[in-house]
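A structural walkthrough
Chain residues, written in single-letter form:
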Protein chains: 2
Amino acid sequence: MTATTTTARDRMLSAQAAARTVGLLSDEAKRSALLAIADAIEAADGEIVAANAEDLERGRATGLSDALQDRLRLDAPRVAALADAVRDIAALPDPVGRVLDERTLTNGLTLTKVAVPFGVVGSIYEARPNVTVDIASLALRAGNAVVLRGGSAAESTNAALIRAMRGALEAQGIDPEAIQTVDEFGRDGARELMHARGVVDVLVPRGSAQLIETVVTESSVPVIETGAGVVHIVLDASASLDWARDIVVNAKTQRPSVCNAAETVLVHRDAADRLIPPVVAALQSSGVTVHGDPAVAALASGVVPATDDDWAAEYLSLDIAIAVVDDLDEALAHIRRYSTKHTESIITDDPVNAERFLAEVDSAVVMVNASTRFTDGGEFGFGAEVGISTQKLHARGPMGLAELTSTKWLARGAGQVRA
Amino acid sequence: MTATTTTARDRMLSAQAAARTVGLLSDEAKRSALLAIADAIEAADGEIVAANAEDLERGRATGLSDALQDRLRLDAPRVAALADAVRDIAALPDPVGRVLDERTLTNGLTLTKVAVPFGVVGSIYEARPNVTVDIASLALRAGNAVVLRGGSAAESTNAALIRAMRGALEAQGIDPEAIQTVDEFGRDGARELMHARGVVDVLVPRGSAQLIETVVTESSVPVIETGAGVVHIVLDASASLDWARDIVVNAKTQRPSVCNAAETVLVHRDAADRLIPPVVAALQSSGVTVHGDPAVAALASGVVPATDDDWAAEYLSLDIAIAVVDDLDEALAHIRRYSTKHTESIITDDPVNAERFLAEVDSAVVMVNASTRFTDGGEFGFGAEVGISTQKLHARGPMGLAELTSTKWLARGAGQVRA
């Protein structure tokens with residue numbers, strides 16, 4: 001990435017041109033390219049760590065929080081882990097060329113619907129350099145070019161990573177313009193990316209709810225929304241205590257900072273006496289602060305009174321909100337009001353309530369008697385995760401490589417005309 | 001539709017509430033509802049034709065073109081045809097509940113990906129009252145509520161049609177709020193519909209390229225773009241004369257006003273002498289005006305010189321542009337530049353060129369030796385067509401009922417937690 005007089009638009013047009021050749025690469029060629037990228041990242045670890053040190057120093061000078069500095073930090077082992085993630089992506093089956101539908105019309109015309117690359121995938125994200133490598137590798141595995149716009153806090157790190165990846169492509173005889181960045185163009189680059197309809201085929205924002213909201217609202221390129229998770233667990237009247245306790249504790253504490261962690265528990269009134277004391281105690285002994293309504297506070301000690309904000313909160317921390325509801329209808333109404341449509345689970349022994357919950361909850365993943373932490377591309381067996389879609393168009397829930405492809409109908413005829 | 005003090009937002013929220021019950025209706029209940037709608041439309045034909053007469057009179061007074069008046073006009077036989085189209089939609093299989101993927105994790109958790117209704121489908125369209133009935137019926141067949149914004153030129157007609165449809169729902173015990181209009185709110189209604197993210201799940205614009213452009217650019221609700229067709233046919237060096245002539249004439253003249261009609265023909269230089277004179281003559285004898293480059297004009301009489309505008313034109317009329325290209329590469333470059341990515345076809349006897357065309361042309365439907373007029377939901381066997389998507393997200397090419405559904409993952413466990 002030498003200093004040039006190109007514009008963000010030029011970069012995107014170069015990516016579009018590169019997408020044409022990358023889209024035609026064989027499975028084998030894409031796999032080799034990704035293995036070469038992994039090697040190149042490892043070989044450049046000194047340069048990458050040095051660039052990262054620049055970003056960290058600038059971050060300290062500009063008051064970047066310790067948590068964000070930690071997300072940003074790369075050392076040699078972390079760089080090696082990035083390279084290994086690329087090798088995992090290389091090992092996944094090629095999603096391009098899958099036959100999704102076949103028809104033969106009565107006139108003999110055959111129609112085949114096949115999976116094809118999108119073309120150019122754009123991504124706007126924040127200060128996590130792993131996303132740079134992750135999205136570029138996933139996009140390339142599915143035959144796409146990629147245009148990246150990372151957070152300015154990671155600009156030097158991202159530039160070093162992109163330089164290594166482009167070098168690897170070039171050495172493999174693949175157009176390096178298939179991996180592009182518009183980072184140098186700052187906010188203007190992001191804006192052009194959001195309005196590059198006809199050049200960029202799909203845009204995947206990754207980061208805070210605010211970033212995603214901005215991209216969804218401003219972009220005229222089609223967006224796949226990967227969203228926040230205000231995730232609910234309902235403890236039905238018939239819930240087993242063991243399952244209720246184990247699942248709530250797991251869903252909250254196993255990794256509190258991620259979108260599939262539980263944020264709110266709704267307890268059926270008929271089970272409140274039985275379940276709330278042990279569930280709250282188990283949470284508290286795992287270090288969780290319980291924010292509860294008066295009915296919860298009456299049944300357990302150390303409960304912080306919940307305010308209206310708690311029901312809408314995606315804590316992403318060792319906090320949880322618990323309320324007592326009169327029945328399943330009230331639980332469903334609460335979920336309709338506060339859920340971000342990511343994942344909800346019910347703990348119940350009642351098959352009628354289980355099926356009703358599955359049918360009526362309008363979320364990407366709806367569970368019975370399981371931890372919400374399973375909403376994850378790796379857990380679902382996709383091998384890699386592009387993100388978790390909380391919208392209903394194109395992809396919903398964990399997205400794998402297949403979701404980075406579009407389709408095309410191929411029609412093969414012998415002179416057919418329409419009557 | 002009585003005059004009320006509700007707002008466009010209220011209407012959409014009512015549709016969202018109705019979507020919850022409509023989404024749970026059985027196949028049988030949805031079918032009965034559609035048959036009742038068909039009957040109600042026929043029974044109200046007097047009222048509908050009278051309302052249409054008001055629109056036509058206003059149209060004449062405001063200088064609506066004869067062509068648009070004809071599109072707008074309904075008489076009793078046309079109303080009966082609308083009702084029959086609803087019966088056809090009722091007869092289609094229910095797209096909801098299809099199992100699209102199933103997995104069992106090693107811990108025993110079962111995952112089922114099922115087709116579910118979107119929820120609320122919005123549509124913004126122009127002065128064709130048939131779209132009102134068509135979109136509402138298709139949306140309902142797939143378990144969705146619908147919010148309609150038709151052209152102001154058809155406002156009285158649409159109101160009468162919507163009144164009949166809502167009455168039929170009510171008589172069937174189904175929430176009539178599942179069919180909504182924001183027509184009374186004029187441009188503000190359209191604007192609110194485009195920004196109703198979180199309430200309206202998907203927006204399908206239908207109409208002119210300008211209308212679609214406005215909706216795609218302005219909307220923050222996810223849009224399915226149904227686009228214009230600057231459709232190309234390539235006559236390769238090896239093209240059979242019979243197929244070339246029959247397919248070009250069929251693709252241009254069988255119904256020139258629709259998006260899958262051919263607009264440009266690109267002829268390989270090595271076949272120009274052989275193909276251009278008879279193809280041009282056949283087109284001209286079918287009443288087509290041929291706009292050609294100098295090489296075409298040198299080989300046939302009556303050719304109008306083509307300008308740059310001709311290559312980008314979606315004529316939708318008995319006009320066609322013809323150019324001579326040096327080879328397949330030049331044809332592909334021309335298509336990349338001017339195609340709207342709807343449908344392209346190559347006429348060839350060369351299997352290598354055929355497969356190259358299928359692989360490299362980035363359009364929703366890519367054909368070999370067939371008329372582009374086959375790009376159609378009815379012809380593809382979908383039974384009905386929501387539109388033809390020219391975008392790559394969610395749906396590409398002719399959209400049937402399946403494209404009016406989203407998906408949901410159902411997870412059924414027995415206490416599984418994540419390790």
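Think of each chain on its own: its residues are numbered from 1, step by step along the sequence as written. Chain letters start at A and ligand numbers start at 1, both assigned in the order the entries are written. Residue-level local features of this predicted model are given only where pLDDT is at least 70; pairs of side-chain atoms are given and counted only at 80 or more, and the full residue set underlies all totals for whole chains, interfaces and linings. Computation of side-chain values: all heavy atoms of the structure, hydrogens and water removed.

**Side note on the overall build of chain A**
Quick reminder of the rule: Every helix listed is a DSSP run of H or I at least four residues long, and every strand listed is a run of E at least two residues long, numbered separately from the N terminus. When accessible area is computed with a 1.4 Å probe and restricted to protein chains, residues below 20% of their type maximum are described as buried, those above 50% as exposed, and intermediate ones as partly exposed. We call two residues contacting when some pair of their heavy atoms lies within 4.5 Å. Accessible surface is estimated by sampling points in the Shrake-Rupley manner with a 1.4 Å probe; for residues, cover comes only from the protein chains shown. By the counting rule applied here, Lys and Arg register as positive and Asp and Glu as negative, while His and the ends of each chain are not counted. Just so you know, the charge point we use is NZ for Lys, CZ for Arg, CG for Asp and CD for Glu.
Tallying secondary structure elements over chain A gives 15 helices and 16 strands in all. Seen through its principal axes, chain A has C-alpha atoms that stretch 70 × 70 × 35 Å. When the 419 residues of chain A are sorted by exposure, 57% land in the buried category. Look at the contacts in chain A between residues 6 or more apart in sequence, and 72% of them connect residues 24 or more apart. If you sum the accessible surface of chain A, you get close to 15,300 Å²; carbon and sulfur atoms cover 51% of it. When the 38 basic and 58 acidic side-chain charges of chain A are each reduced to a single mean position, those positions are 6 Å apart.

**Points about the relation of the copies chain A and chain B**
Cut-off, in case you're wondering: Overlaid copies result from least-squares superposition on C-alpha atoms, with residues included only where pLDDT is at least 70 in both.
Once turned by 180° and shifted 0.0 Å along the axis, chain A lies on chain B with an RMSD of 0.0 Å. Both copies of the chain, as the preceding transformation shows, are related through a two-fold rotation axis. When each C-alpha of chain A is compared by its distance to the rotation axis, A:His394 comes out closest, at 1.8 Å. Both copies present the same face, since 100% of the interface residues in chain A are matched by interface residues at the equivalent positions in chain B.

**Things to note about the pairing of strand β4 (residues 145-149) of chain A**
Residue and element names in this part refer to chain A. The line we're drawing: Note on pairing: two strands pair once DSSP finds at least 2 bridges between them. Crossovers are marked right-handed if the path from the first strand over the helix to the second runs clockwise, as seen with the strands pointing away from the viewer.
Where burial is concerned, most of β4 is hidden: 5 out of the 5 residues are buried. Burial along β4 is two-sided: the residues Ala 145, Val 147 and Arg 149 and Val 146 and Leu 148 are all buried. Bridging between strand β3 (residues 120-125) and β4 involves 5 bridges; their strand directions are parallel. Note on β4: the bridge partner recorded for Gly 122 is Val 147. After leaving β3, the chain enters helix α6 (residues 129-141) and then returns to the sheet as β4, a path that is right-handed. Direction of pairing for β4 relative to strand β5 (residues 179-181): parallel, over a ladder of 3 bridges. Bridging across to β5, Leu 148 finds its partner in Thr 181. Regarding the hand of the β-α-β motif, the stretch spanning β4, helix α7 (residues 155-171) and β5 is right-handed.

**Some points on the interface of chain A and chain B**
Test applied: What counts as buried area is the accessible surface, traced by a 1.4 Å probe, that two parts surrender upon association, with contributions from both included. Any carboxyl oxygen of Asp or Glu that lies within 4 Å of a side-chain nitrogen of Lys or Arg is treated as forming a salt bridge with it. Two N or O atoms count as a polar contact when they lie within 3.5 Å, although within protein this holds only if one can serve as hydrogen donor and the other as acceptor, and sequence-adjacent residues are included solely when both atoms are side-chain atoms.
Tallying the contact residues gives 71 residues for chain A and 71 residues for chain B. Surface buried jointly by chain A and chain B totals about 6,000 Å² across both partners, of which 52% is contributed by carbon and sulfur atoms. For chain A, the biggest contributors to the area lost against chain B are A:Leu393, A:Trp409 and A:Arg418; these three give 14% of the whole. Summed over the shared surface of chain A and chain B, the result is 12 salt bridges. With a closest N to O distance of 3.2 Å, B:Asp201 and A:Lys392 form a salt bridge. Counting across the chain A and chain B interface gives 47 residue pairs in polar contact (both at pLDDT 80 or more).

**Side note on the nonpolar core**
Note on soluble globular proteins: their nonpolar side chains tend to be buried together. Rules: Working definition of a nonpolar core: buried Ala, Val, Leu, Ile, Met, Phe, Trp, Tyr and Cys residues. They are joined through side-chain atoms within 4.5 Å.
Within the largest apolar cluster, 148 residues are counted, with the highest numbers of intra-cluster contacts made by A:Ile37, A:Ile41, A:Ile179, B:Ile37, B:Ile41 and B:Ile179. Once residues lying within four places of it in the same chain are set aside, the contact partners of B:Ile179 are B:Ile37, B:Ala136, B:Val146, B:Leu148, B:Ile162, B:Met165, B:Arg166 and B:Leu169.

**Considerations on the packing of aromatic side chains**
As a reminder of what qualifies: Working definition: a ring pair exists when centres of Phe, Tyr or Trp rings (six-membered ring for Trp) sit within 6.5 Å. Plane angles under 30 degrees give stacked, over 60 give edge-to-face, the rest tilted.
Under the definition given, this model contains 6 aromatic pairs over all chains. Consider the rings of A:Trp409 and B:Phe382, whose centres lie 6.2 Å apart with planes at 50°: the pair is tilted. Of this pair, A:Trp409 sits in strand β16 (residues 405-416) while B:Phe382 sits in the loop between β13 (365-370) and β14 (387-389), which puts the two residues in different chains. According to the relative accessible area criterion, A:Trp409 is buried, its value standing at 1%. Ring centres 5.9 Å apart and planes at 70° place the aromatic pair B:Phe380 and B:Phe382 in the edge-to-face group. Each member of the pair, B:Phe380 as well as B:Phe382, is classed as buried.

**Observations regarding the environment of A:Arg11**
Residues and elements named next belong to chain A. Turning to its location among the elements, Arg 11 is positioned in helix α1 (residues 8-22). You can call Arg 11 buried: its relative accessible area is 7%. Counting along the chain gives 170 residues from Arg 11 to Thr 181, while the straight-line C-alpha distance between them is 7.5 Å. Looking at Arg 11, its side chain comes within polar contact range of the side chain of Glu 184, at 2.8 Å.

**Side note on unusual backbone geometry**
The residue A:Asn369 is not glycine, and still its phi comes out positive at about 55°. Residue position: A:Asn369 is located in strand β13 (residues 365-370). A residue is classified by how much of its surface remains accessible, and A:Asn369, at 5% relative accessible area, is buried. Residues other than glycine seldom take positive phi values, yet B:Lys341 does so here, at roughly 65°. Within the secondary structure, B:Lys341 is located in the loop between α14 (328-338) and β12 (343-347).

**Things to note about the domain arrangement of chain A**
Put simply, the rule reads: Each domain's extent was defined by an automatic or database domain assignment.
Looking at the assigned domains, one finds that chain A contains domain 1 (8-226 + 400-411) and domain 2 (231-374). On a C-alpha basis, the centroid separation for the pair domain 1 of chain A and domain 2 of chain A is 36 Å.

**As for helix α9 (residues 209-218) of chain B**
Residues and elements named next belong to chain B. For clarity, the cut-off: The directions from the helix axis to the C-beta atoms form the arc being described.
Among all positions in α9, only Leu 211, Ile 212, Val 215 and Val 216 are buried. On an axial view of α9, the arc spanned by its buried residues comes to 125°, and they lie on one face. Residues of α9 that are exposed and angled more than 90 degrees away from the buried face: Ala 209 and Gln 210. Where α9 is buried, its residues meet β3 (120-125), α8 (186-194) and β6 (202-206).

**Focus: the pattern of salt bridges**
Opposite charge on two side chains makes pairing possible when the charged atoms of those side chains draw close. Residues and elements named next belong to chain A. A complete count under the given rule lists 64 salt bridges over all chains for this structure. For the salt bridge of Arg 11 with Glu 184, the shortest nitrogen-to-oxygen distance reads 2.8 Å. Here Glu 184 lies in the loop between β5 and α8 (186-194) and Arg 11 lies in helix α1, a separation of 173 residues in the sequence. Judged by its relative accessible area of 38%, Glu 184 falls in the partly exposed class.

**Focus: the environment of A:Leu34**
Residue and element names in this part refer to chain A. The topology assignment puts Leu 34 in helix α2 (residues 27-43). Under the relative-accessibility criterion, Leu 34 is labelled buried at 0%. For Leu 34 and Thr 62, which are 28 residues apart along the polypeptide, the C-alpha to C-alpha distance reads 35 Å. Once residues within four sequence positions are removed from consideration, Leu 34 is found in contact with Val 86, Ile 89, Ala 90, Ser 137, Leu 140 and Arg 141.

**Considerations on the sheet that holds β5(A)**
Residue and element names in this part refer to chain A. Selection criterion: To define axes, lines are fitted to C-alpha atoms, for helices over the stretch in contact only, and angles between the resulting N-to-C directions are given on a 0 to 180 degree scale.
The strand order across the open sheet formed by 4 strands is β5-β4-β3-β6, and the pairing between neighbours is parallel. Strands with a single pairing partner mark the edges of an open sheet, and in this sheet they are β5 and β6 (202-206). Going across the sheet, the axis of each strand differs from the next one's by a mean of 20°, ignoring polarity. Strand contacts of α7: β3, β4 and β5, with the helix running at about 155° to β5, the strand carrying the most contacts.

**Brief notes about the sheet that holds strand β7 (residues 231-235) of chain A**
If you trace the 10 strands from one edge of the open sheet to the other, you get β10(A)-β9(A)-β11(A)-β8(A)-β7(A)-β12(A)-β13(A)-β16(B)-β2(B)-β1(B), paired in mixed fashion. Looking at strand neighbours, the two that pair on one side only are β10 (304-305) of chain A together with β1 (99-104) of chain B, the edges of this open sheet. Bridge count for β7(A) against strand β12 (residues 343-347) of chain A is 4 bridges, and the pairing is parallel. Following the sheet pairing, A:Leu235 is matched in β12(A) by A:Ile347.

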